[in-house]
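Observations on chain architecture
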Amino acid sequence: MSPKKRKQHKTPAASPVVLPEDLEPQKELLVVVENSTKRAKKRSYTLVFIIGGIVGLLVAILFANNQDIVIGDFQLSALVDVIPAGILKEATDISQREKDVVGADAFSVGLALKAEGLRANHPVIMIPGVISTGLESWGTEEKSRPYFRKRLWGSWSMLRAMVTDRATWKQHVMLDKDTGLDPPGIKLRAAQGFDATDFFVTGYWIWNKIIENLASIGYDPTSAYTASYDWRLAYPDLELRDQYFSRLKTYIETSHRLSGKKAVLIAHSMGSQVVHYFFKWVEAEGHGNGGKSWVEDNIDSFINISGCMLGAVKGVPAVLSGEMKDTAQLNRLAVFGLEKFFSREDRAEILRAMPGISSMLPKGGDAVWGNLTWAPDDEPNQNVSYGAFLKFTEGNSTLHGHAHTNFTVAESLQYLLRNSDEWFRKKVEGSYSHGIAHTRKEVERNEGVPRKWVNPLESRLPYAPSMKIYCFYGIGKVTERSYYYQDVTDPLSRLNISIDTTVNGDGSDRGVVTGEGDGTVSLLSAGYMCAKGWKMKRYNPARIPVKIFEMPHQPDMFGVRGGPNTGDHVDILGRQKLNELILRVAAGHGDDIPENIESKIMEISERVKIKDEEGEFFASLRVPGF
C-alpha cells in the first residue's frame, strides 16, 4: 500500500478486549473524550507531566477562585461548556474518591493470604518507577519560598503551579543543563516514606494497594521501606548528589542484621533498571565496595514489575519532539490547550533536562528492535515492519537530508543525539550505553564501566546463586512501537521533525503504530531478558532462576482504573493477582508460584539476533545446566 493511500485508509476498530493508555513514562490522569463511542475505548489517565498540562487547564477552571484565565481571545472559562459532565464531576468529587478507594475490599488479598497462614517474613524494599515519586521544594531563595516543602511534582500544588506560575515551575523541575544537578538557587528533593509514592495526586493511587496488602500480613515501617529517588537525575548523579545507592545499601544491611532475613526488592518500571544498576554499583570497588558476595549475602529476591529492562520506545519521541501517543491522539481542543501551556519545544526541553528519563531510551539496537524490513515481534502478514522505527512518507520529508529515508531504533538514537544540544548529548553518552556485549570477555570488560551498568545486554547479574528473580508484567494492551514522522516547516520551531498525525492505517493511528505490551512498555523490553537474556551464562553467570508470570489486560469496563484484572503498566500495581504474587514472595513462598506465559515472548526472543554462543557450545557437549 502506498504512503498516500495509507493516509486515507482508516484504522480498523480495536479488539474489544484491548483498550488503549500512558510517563512516564506514566499514565493516565486525564480522560480525553471525542465522542460517546470513543469514550469507552480511549479513556486515558496519563501520569505523564505533559498531559498534566491539560489537567492543569481543568484544575485552573475548577480551583482558580472564579478568576477568568484568558489565552489570546480564548477564555478557559468557556471550556466548561464543552468538557463532558463526567470529567467535571470526577474532578470536583476527587477528594471523596480518595476515601472510596479504601473500601471494604482494599485489604482483601492480604487478609485472604493471612487466613492461609502467610505472614511478614523478608524485609521489603520498594523501588518506584519514573515520575511516580513526589518531588518537593527545599529551596529558600526568594523564588522558591512560596513553594517551600510543597510538592512541585506529584500533587495538586504541582498542577496549580503549572497553570498559574508556569515559568517558575519549569525553572524548578528542570535540572541544570551543564551539571545535570540542581540549578543555582533551586533545590528539589524526592519525598520520603510511604507518602512519597502511595498516591500521585489525591485519589490517584500508585503503590497504595500494595502497601495496604503488605500491612494485612504484618508489614509496617519497621519491615517495609520505600526507596524513593529523584528520577530526574542520571544514575551516577543519584549517588553524587543524594548518596542514594549508599543509603539503599545501608538500609538493606541494617534490615538484614536486625531481622536475620535477606531483603526482597520490589521494583516497578524504571525502578527495575535502578535495581540492576545498584547490583553493579554495590559490588564495585571504588563505588559500593560490597564485593562479589554482597548481593548473595543480602538479597533473597528481586521482583521485577513491568520493568523496562531494554528501555521504552516511547522515550525516543518524548525527547526528540516532545510527543508520544497521548499527545498525538488528543483532540483539537486539548491540543490547543497543551500547546499554549507547554509546546512541543517546551516538553522536549524539559524532558531532556531530566536525564534520568533518558535511561529508558531503547537498548540493543537493530539486533533487538529490528532493521528497516524486519523486527522479531513483527506479526505475520504485517505490511510495514516495526523495525522501520521512524517512517517518513512521500512528501513529508525533504528539508533535513533524510528525504524518504526511514530510521531504525539505532539510527533514531543517532539522529536524536546528532540534532541535540551538546549538554544533552554529553549527559546521555556519559551516563548510559545502548549496545550489546556479544561475548563473556566483553561483559567482563564492562564490569568497571558505570555507563554500561544500566544495560543488561552489556553487564551481567551478580553472582548470587540463591537469589531469585520474578518477572511480573501485563500483556494485551496496545503499546507504542514505531512512528510516522514529518519535517517541521515552522521557521521559528527549534525542532526539526514531528509526528505525522495524518497517517492512518496499516496499524497507524494518527502517526503512532502500536504493538504488544502493557500500554507503556513493549513486550520485547518487558520480557526478553526474563525469557532468554538472563538464560545466557554471560549475562547470568550464577544461573539465578528467573520466573515469568504474565497477566493479560482484562479491564473492567466500569472500572475507572481498569478493575482487578488490568494489565496496564501503572494500574497493574492495584491488580489483585499481582498483589497476591508479591505477598507470596515477601512471605517466603515464592517457590509456590507457577510460571505463566500467555504471549509469544518465547518465540519472539528466539528471533532476536543475540546468540548464546557459550550455551550452544556446552549444550552440544551435553554439559548439565545448558
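The coordinates are above.
First things first, this report covers the structure right here in the doc. (Residues numbered from 1 in each chain as written. Predicted model: local features only at pLDDT ≥ 70, side-chain atom pairs only at ≥ 80, totals over all residues. Heavy atoms only, no water.)

1. A word on the sheet that holds strand β13 (residues 468–475)
Either a parallel or an antiparallel arrangement is found when strands of a sheet pair, and the pairing is made through backbone hydrogen bonds. Condition: In short, DSSP must find at least two bridges between two strands for them to pair. Helix numbers and strand numbers start at the N terminus; a helix is a DSSP run of H or I with at least 4 residues, a strand a run of E with at least 2. Lines fitted to C-alpha atoms define the axes here, with helix axes fitted over just the stretch in contact, and angles between the N-to-C directions of these axes take values from 0 to 180 degrees. Should any heavy atoms of two residues lie within 4.5 Å, those residues are considered in contact.
The sheet built from 6 strands is open, its strands ordered β9-β3-β10-β11-β13-β18 with parallel pairing. Strand pairing shows two members of the sheet lacking a second neighbour, β9 (224–226) and β18 (546–552), which therefore form its edges. Averaged over all neighbouring strand pairs, the angle between strand axes comes to 15°, with direction disregarded. As paired elements, strand β3 (residues 124–127) and strand β10 (residues 263–268) share 4 bridges and run parallel to each other. When the bridges of β10 are listed, Ile127 appears paired with Ala267. Sitting on the sheet, helix α12 (residues 270–283) touches β3, β10 and β11 (299–305), and the angle it makes with β10 is about 135°.

2. Quick notes on unusual backbone geometry
Despite not being glycine, Asn289 has its phi angle at roughly 55°, a positive value. Mapped onto the secondary structure, Asn289 falls in the loop between α12 and α13 (294–298). The backbone phi angle of Asp506 is positive, close to 55°, even though this residue is not glycine. With respect to the helices, strands and loops of the structure, Asp506 is situated in the loop between β15 (497–499) and β16 (508–509).

3. Comments concerning the nonpolar core
General note: in soluble globular proteins, nonpolar side chains tend to be found buried as a group. Note the following rule: In this text, buried Ala, Val, Leu, Ile, Met, Phe, Trp, Tyr and Cys residues form a nonpolar core when linked through side-chain atoms within 4.5 Å. For every residue, the accessible area (1.4 Å probe, protein chains only) is compared with the maximum for its type, and the residue is labelled buried under 20%, exposed over 50%, or partly exposed between those bounds.
Ile127, Trp169, Trp231, Trp534 and Ile610 are the most contacted members of the largest nonpolar core, which has 151 residues in total. Residue contributions to this core peak at 8 residues, all from α12. Core analysis: the second largest hydrophobic core is formed by 6 residues, Val384, Tyr386, Val503 and Val513 among them.

4. Focus on the pattern of salt bridges
Note the threshold: Any Lys or Arg side-chain nitrogen located within 4 Å of an Asp or Glu carboxyl oxygen qualifies as a salt bridge.
The full count for this structure, using the stated rule, is 31 salt bridges. Measuring nitrogen to oxygen at the nearest pair gives 3.0 Å for the salt bridge that ties Glu444 to Arg440. Of the two residues, Glu444 and Arg440 are both situated in helix α21 (residues 440–445); the distance of 4 residues between them amounts to about one turn of the helix. Take Arg440: its relative accessible area is 40%, and that puts it in the partly exposed class. Salt bridges sharing common partners tie together Lys280, Glu283, Lys292, Arg440, Glu444, Glu447 and Arg460.

5. Observations concerning the pairing of β3
By the alternation rule, side chains of β3 split into Val124 and Met126 and Ile125 and Ile127, which are all buried. In the sheet, β3 pairs with β9 via 3 bridges, with the strands oriented parallel. Bridging across to β9, Met126 finds its partner in Thr226.

6. With respect to the packing of helix α10 (residues 235–242) against helix α11 (residues 244–259)
Condition: When an angle is under 35 degrees it counts as roughly parallel; over 145 it counts as roughly antiparallel; between 65 and 115 it counts as roughly perpendicular; any other value is oblique. Gly is placed with the polar residues, together with every amino acid not listed as nonpolar (Ala, Val, Leu, Ile, Met, Phe, Trp, Tyr, Cys and Pro) or charged (Asp, Glu, Lys and Arg).
Contact pair α10 / α11: the axes reach a minimum separation of 6 Å and the direction vectors enclose 80°. As the angle between them shows, α10 and α11 are arranged roughly perpendicular. Between α10 and α11, the residues in contact are Tyr235, Leu238, Glu239 and Asp242 and Tyr244, Phe245, Ser246 and Arg247, respectively. Grouping the constituent residues of the contact of α10 with α11 by class yields 4 nonpolar, 1 polar and 3 charged.

7. Regarding the sheet that holds strand β5 (residues 151–153)
As summarised here, the arrangement of the 3 strands in space is β5-β4-β6, forming an open sheet in which the pairing is antiparallel. Two strands close off the open sheet at either side, each with one partner strand: β5 and β6 (188–190). Neighbour-to-neighbour, the strand axes of this sheet turn through a mean angle of 40°, independent of strand direction. Of the pairings in the sheet, the one linking strand β4 (residues 135–137) to β5 comprises 2 bridges and is antiparallel in character. Of the residues in β5, the one forming a bridge with Leu135 is Trp153.

8. With respect to α11
What counts here: A helix is expected to span 1.5 Å multiplied by its residue count minus one. This arc is built from the directions going out from the helix axis to the C-beta atoms.
Helix length check: α11, at 16 residues, gives a terminal C-alpha distance of 22 Å against a target of 22 Å (1.5 Å per residue), a fit within 8%. By the burial criterion, the buried members of α11 are Tyr244, Phe245, Leu248, Lys249, Ile252 and Ser255. Viewed end-on, α11 has its buried residues packed into an arc of 135°, placing them on one side of the element. Turned more than 90 degrees off the buried face of α11, the exposed positions are Arg247, Arg257 and Leu258. Where α11 is buried, its residues contact β3, α10, β10, α12, α13 and β11.

9. Section: empty space enclosed by the protein
Which parts of space are left empty comes out when a probe the size of a water molecule is rolled across the atoms. Test applied: Think of a 1 Å grid over just the protein atoms. A cavity is a set of points where a 1.4 Å probe fits yet cannot get out, a pocket is an open set with protein on both sides within 12 Å along at least five of seven lines, and lining residues have an atom within 4 Å of a point. Grid points are joined across faces, edges and corners, and a volume is the space filled by probe spheres set on the points.
Counted as a void, the second largest cavity has a volume near 50 Å³. Looking at the second largest cavity, the residues that line it are Leu175, Asp176, Lys177, Gly180, Arg352, Ala353, Pro355, Trp423, Phe424 and Lys427. Examining the composition of the lining of the second largest cavity, we find that 3 residues originate from one element, helix α20 (residues 422–431), more than from any other. By residue class, the composition of the lining of the second largest cavity is 5 nonpolar, 1 polar and 4 charged.

10. A look at the state of the cysteines
We apply this condition: Pairs of cysteine sulfur atoms within 2.5 Å are what we label disulfides.
As enumerated under the stated definition, the model contains 1 disulfide in all. Here Cys471 engages in a disulfide with Cys530; their sulfurs sit 2.1 Å apart. On the sign convention where negative is left-handed, the bridge of Cys471 and Cys530, at about -85° about the S-S bond, is left-handed. Of this pair, Cys471 sits in strand β13 while Cys530 sits in helix α22 (residues 523–531), and the two are 59 residues apart along the sequence. For Cys530, a relative accessible area of 1% corresponds to the buried category.

Honestly, it's all geometry; don't read function into it.
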